[in-house]
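# Examination of the molecular architecture
Each chain, letter by letter, is given below.
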Amino acid sequence: MKTLIATMLLAASAMAAADVLVVNIWNPLPGKAPTTFQYGQEARAIHEKLGANVTVGADQMGRMHYAMAFDNWAAWAEFGKKLSASADWTAFLERTNANPSATREDVYMLNQPVSGGVGQVYQVNIWTSNPGRNADTMARAMEARALHEKAGVKVAINVDQLGRLHYVASFESWADWAKFQDTPNPDFEAMMTRFSKDPSATLTKVYTAQRL
């Protein structure tokens, strides 16, 4: 079992350089949610023209999730050079800074060791590992992923710049998400019971959002 877990972790580490994400979470100022999401779509058009793969989402608290995906960190750095030289981006920043619509609440810079795609609806559970337990947390996440995928859920696993694990479960609709919540999963519940007796991490944040 230990060999299997080690193999999975090595494979995850090897894939980490192949796919990276930068996620900004924006909290609209009072009355400015429509403007915030308008700005998000305008930024998306500029960023995709420069080579980023962009997803814009809205969570249940009304915040905007703005995610950019790149093949690797070198591609992210090259994108940054293009962005700095972009007249469209400079003009966009001047205009939006003159009429700000939101405050940036979080920024996550993520490696994606385990990809799973992002559905129309997604739930992100962010886990902070206890000291020295990162490998255990990843192993438990892989175990949970196998159980959830058996139940028809797409799962991606990301690791951010502070070492926190982002467990992303994706669904095709809110109806699918609701069905998942209502359907018992004895195998997963048994796994979580074992986990609770010797937890390797603490659940620190949960985002449930819809792609726009």
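All figures in this text were calculated on a predicted structure; none of them were measured in a lab. (Residues numbered from 1 in each chain as written. Predicted model: local features only at pLDDT ≥ 70, side-chain atom pairs only at ≥ 80, totals over all residues. Heavy atoms only, no water.)

Attention now goes to the side chain of S170. With respect to the helices and strands, the residue S170 is situated in strand β7 (residues 165-171). Here G119 takes part through its backbone nitrogen, which lies 3.1 Å from a polar atom of the side chain of S170. Non-local contacts of S170, meaning those with residues more than four positions away in its chain, are made with G117, V118, G119, V121, Y122, V153 and K154. (Helix = DSSP H or I, 4+ residues; strand = E, 2+ residues; numbered from the N terminus. Polar contact = N/O pair within 3.5 Å; in protein donor to acceptor, adjacent residues only side chain to side chain. Contact = heavy atoms within 4.5 Å.)

By size, the foremost hydrophobic cluster in this structure holds 19 residues, and its most contacted members are Y66, M68, F70 and F79. Elements supplying a minimum of two residues to this core: β1 (20-28), α2 (33-49), β2 (53-59), β3 (64-70), α3 (73-84) and α4 (87-98). If sequence neighbours within four positions are ignored, Y66 has contacts with V22, V23, N24, W26, G40, A43, R44, H47, V54, T55 and V56. Core analysis: the next-biggest nonpolar cluster, separate from the first, contains 18 residues, L147, V153, V155 and A201 among them. (Core = buried A, V, L, I, M, F, W, Y, C linked by side-chain atoms within 4.5 Å. Buried < 20%, exposed > 50% of the residue type's maximum accessible area, 1.4 Å probe, protein only.)

Attention shifts here to helix α5 (residues 134-150). Under the 1.5 Å per step criterion, the end-to-end length of α5 is 25 Å for 17 residues, consistent within 8% with the ideal 24 Å. Buried within α5 we find T137, M138, A139, A141, M142, A144, R145, L147 and H148. (Expected span 1.5 Å × (residues − 1).)

The contact between α5 and helix α7 (residues 186-197) brings their axes to 10 Å, and the two run at 165 degrees. When the axis of α5 is compared with that of α7, the two are roughly antiparallel. Handedness of the crossing formed by α5 with α7: left-handed. In contact with R140, E143, A144, L147, H148 and K150 of α5, α7 contributes D187, F188, M191, R194 and F195. Taken together, the residues that form the contact of α5 with α7 break down as five nonpolar, one polar and five charged. (Axes fitted to C-alpha atoms, helices over the stretch in contact; angles between N-to-C directions. Parallel < 35°, antiparallel > 145°, perpendicular 65-115°, else oblique. Left-handed = near helix turned anticlockwise from the far one by under 90°. Nonpolar A, V, L, I, M, F, W, Y, C, P; charged D, E, K, R; others polar.)

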